[in-house]
Amino acid sequence: MDITLQGESLLLNGFSYPEKDYVQLLDIFRDETPGYIDLYSVFPSTAYAGAVLYVKDWPQYRERLLSLRRQHRNSRLEKTIDTYKKQCGCNPEEELLKILGPQAGVTYMKISNQVPAKNRVIVMQVKSQSMARNVMEEILKGYASEKGIQFNSLYRTIRIDRETKLRLYRFPFPGLFASLFGNLFGEGPYPYFTFYDNYLV
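Notes on the structure follow. Small disclaimer: the values here were computed from a predicted structure and weren't measured. (Residues numbered from 1 in each chain as written. Predicted model: local features only at pLDDT ≥ 70, side-chain atom pairs only at ≥ 80, totals over all residues. Heavy atoms only, no water.)

### Comments concerning helix H3 (residues 92-99)
Now for step 1: Taken as a whole, H3 has its buried residues at Pro 92, Glu 93, Leu 96, Leu 97 and Ile 99. Seen end-on, H3 carries its buried residues on one side only, within an arc spanning 165°.
Now for step 2: For H3, the N-terminal cap is Asn 91; the gap from its side-chain oxygen to the backbone nitrogen of Glu 93 is 3.0 Å. (Buried < 20%, exposed > 50% of the residue type's maximum accessible area, 1.4 Å probe, protein only. Helix = DSSP H or I, 4+ residues; strand = E, 2+ residues; numbered from the N terminus. Arc of directions from axis to C-beta. Polar contact = N/O pair within 3.5 Å; in protein donor to acceptor, adjacent residues only side chain to side chain.)

What follows is the structure, given as C-alpha cells:
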C-alpha cells in the first residue's frame, strides 16, 4: 500500500489478490491490475473521506458481483433493477456500463444538518461527456415516456458563477449504484446528477 500526502489529504492507495481456493469478495477483482487514480481531485472541497475503485473491465466486475450475491442468495437488488427496467424501458445498468471509465468513487461531505446517507456524493469517470450525456438522457427520456411526463421536467440549469452553468438532472433510480458497484456506494438517496468534464457526479 502507498501512502501519499496531497495538500491537506492523506491518500491510501493499494491492491490485493484473492486466494484461488476460496470464493470471496476479492474474487470480483481477479485479473485486475493497479492503475493511477486521480478521481480525488474531483471530490468536493468539503469532503472528509472517500474511496475509489479502479476497474478496467466493469462488465466482468458486474458479472462476478452478481455471482457472489447469488451464492449468498441475495437477489433483492436484482429485483430492484427489474423494477427500473420497467420504469425506463431499458436496462439502466447495461447502459451505464457502456459509458464508464476505469474510476468510480464515493465521498462524504461535512454537512452537519444531514444524516451520513445524505452526505454521500458519487463521482464516476466516463469515456466522454457527450457520450455519457446522450446515454443518461435517453434513460431519462424512457422514464419520462413510461411515466407520461415531459422530459424537460427532469432537469434544470443552475448557474455556479458568471462563467459556469450546469444542467442538473433528476435521478429516479436510488438503488442503481449499490446494485452496480456494491454496498460501498450505498442505496442512496442520489436524487440528482450532473456532468463535470469527463465525470458523472
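### A short note on the environment of Tyr 36
Now for step 1: Along the chain, Tyr 36 falls in the loop between strand E2 (9-13) and strand E3 (47-54).
Now for step 2: The exposed category is assigned to Tyr 36, whose relative accessible area is 66%.
Now for step 3: Linking Tyr 36 and Pro 102, residues 66 residues apart in sequence, is a C-alpha distance of 9.7 Å.
Now for step 4: Sequence-distant contacts of Tyr 36, defined by excluding residues within four places in its chain, comprise Tyr 54 and Gln 103. (Contact = heavy atoms within 4.5 Å.)

### Focus: the packing of H3 against helix H4 (residues 129-147)
Now for step 1: It is the contact of H3 with H4, at a shortest axis distance of 9 Å, that shows an interaxial angle of 170°. Judged by the inter-axis angle, H3 sits roughly antiparallel to H4. Along its contact with H3, which presents Pro 92, Glu 95, Leu 96, Lys 98 and Ile 99, the element H4 presents Met 131, Ala 132, Val 135, Met 136 and Ile 139. (Axes fitted to C-alpha atoms, helices over the stretch in contact; angles between N-to-C directions. Parallel < 35°, antiparallel > 145°, perpendicular 65-115°, else oblique.)

### Some remarks on the sheet that holds strand E7 (residues 165-170)
Now for step 1: Taken in spatial order, the three strands of this open sheet run E6-E7-E8, and their pairing is antiparallel. Two strands in the sheet have a free side with no partner beyond their single neighbour: strand E6 (155-159) and strand E8 (192-193).
Now for step 2: For E6 and E7, the ladder comprises five bridges, and the chain directions are antiparallel. Opposite Tyr 155, over in E7, you have Tyr 169 as the bridge partner.
Now for step 3: In the packing of H4 onto the sheet, contacts are made with E7 and E8, and the angle to E7 comes to roughly 40°. (Pairing = 2+ DSSP bridges.)

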